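Structural description and commentary
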Amino acid sequence: ELYNAADTSADVSGWKVDDAEGGSAPVTIAAGTIIPPHGYLVINLPSTILNNDGDSARLLRPNGTVADATTYTSSQIDLSWSRAPDGNWYLSSANTPGELNALPATPTMTPTANPLPSTEPLETSQAVAPSPTPTNTPTASPTAVPEGIQINEFLPYPKQSYSAEWIELY
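Cut-offs applied
- The residue numbers shown here count from 1 along each chain, following its written sequence.
- Thresholds applied to this predicted model are a pLDDT of at least 70 for local features of residues and 80 or more for the giving and counting of side-chain atom pairs; totals over whole chains, interfaces and linings are not thresholded and use all residues.
- Side-chain calculation: all heavy atoms of the structure are included, whereas hydrogens and water are not.
- Relative accessibility under 20% of the residue-type maximum defines a buried residue, over 50% an exposed one, and the middle range a partly exposed one, all with a 1.4 Å probe and only protein chains included.
- Only runs of H or I of at least four residues qualify as helices and only runs of E of at least two qualify as strands under DSSP, and these elements are numbered from the N terminus.
- A pair of strands is labelled paired if DSSP reports no fewer than 2 bridges between them.
- What counts as a ring pair is set by centres within 6.5 Å for rings of Phe, Tyr and Trp (its six-membered ring), and what kind of pair is set by the plane angle: stacked under 30 degrees, edge-to-face over 60, tilted for all other angles.
- Polar contacts, as used here, are pairs of N or O atoms within 3.5 Å; protein pairs need one atom able to donate a hydrogen and one able to accept it. Residues neighboring in sequence count only if both atoms are side-chain atoms.
- Residue contacts are defined here by distance: any two heavy atoms, one from each residue, within 4.5 Å place the two residues in contact.
- By definition here, a salt bridge exists when the distance from a side-chain nitrogen of Lys or Arg to a carboxyl oxygen of Asp or Glu is within 4 Å.

Another point: the pairing of strand β11 (residues 151-155). The buried fraction of β11 is high, at 5 of 5 residues. Pairing geometry for strand β9 (residues 81-83) and β11, over 2 bridges, is antiparallel. Its bridge partner lying in β11, Ser82 is registered against Glu153. As paired elements, β11 and strand β12 (residues 166-169) share 4 bridges and run antiparallel to each other.

Here it is in C-alpha cells:
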C-alpha cells in the first residue's frame with residue numbers, strides 16, 4: 001500500500017515493488033497511476049513474491065534505484081507488517097489496506113492505588129496517529145519522480161482472509 005503525504009497528486013507510473021534483489025521479477029506500477037493528495041494505493045501482487053519465512057520488500061524508482069526497503073524474518077497467516085509513526089516495523093494485529101495503519105499494541109499498565117482522580121486511557125479506536133506533515137512538494141507531472149514515497153504496510157502470507165499478497169506505500 002502506498003500513501004501520498006503531499007498536498008499534490010503523485011504520479012507513480014513505472015515505479016516497481018519487489019522482494020530481495022535477485023528474487024522474483026519486480027511488479028511495475030501501470031502507466032497513468034496517480035495517488036491523490038493524502039491518498040492510498042494498494043498494489044495487489046499477481047503472484048507469490050514475498051516469502052513467508054522472511055524476505056525483503058522494496059520500492060524502486062523508475063530508474064531502478066531503491067526508494068525504500070525493509071527486511072523481515074518471519075510472517076504470520078493474514079497479518080501484515082506495518083510501519084509505526086516512528087518508522088519502526090511491527091506485525092499488525094489488524095490489517096488496514098487503503099487506510100491509516102492500526103496503532104501497535106502497547107503494554108497494559110497495572111493499576112496502582114492513587115488518591116488523585118485518574119484519566120481513563122484512550123480506547124484503541126479513539127487513539128489517533130499523527131497525520132503526515134505536508135511538505136512543499138512541486139506538482140507531480142508525468143516526467144517528475146515524486147520523493148518521500150515509502151513502504152508502509154505489506155502482507156507476505158495471505159491464506160484465509162486475503163487471496164493475494166499486497167504492499168502499501170506511504
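For the structure shown, the criterion picks out 5 aromatic pairs. Measuring from ring centre to ring centre gives 5.1 Å for Tyr72 and Phe154, while their planes differ by 45°; the resulting arrangement is tilted. Of this pair, Tyr72 sits in strand β8 (residues 66-72) while Phe154 sits in strand β11; the two residues are 82 residues apart in sequence, bridging distant segments of the chain. For the pair Tyr72 and Phe154, a shared accessibility class is recorded, and that class is buried. Grouping aromatic residues by their ring pairs yields a cluster made of Tyr3, Tyr40 and Tyr170.

Turning our eyes to something else, we now look at the side chain of Asn4. Positionally, Asn4 belongs in the loop between β1 (2-3) and β2 (10-11). Polar side-chain contacts of Asn4 include one of 2.8 Å to the backbone oxygen of Thr8. Sequence-distant contacts of Asn4, that is, excluding residues within four places in its chain, are made with Ser9, Ala10, Ile35, Pro36, Pro37, His38 and Gly39.

All right, on to the pairing of strand β6 (residues 40-44) then. Only one face of β6 is buried: it carries Leu41 and Ile43, and the other face, with Tyr40, Val42 and Asn44, is open. Taken together, the 2 bridges between β1 and β6 define a ladder with antiparallel strand orientation. From the neighbouring strand, Tyr3 faces β6, where its bridge partner is Tyr40. Examined bridge by bridge, β6 and β12 share 3 bridges and lie antiparallel to one another. Of the residues in β12, the one forming a bridge with Ile43 is Ile167.

Turning to the pattern of salt bridges, a few remarks are in order. A full pass over the atoms with the stated rule returns 2 salt bridges. Between Arg83 and Asp68 there is a salt bridge, with its nearest N and O atoms 3.3 Å apart. With a gap of 15 residues between them, Arg83 in strand β9 and Asp68 in strand β8 connect regions that are remote in the sequence.

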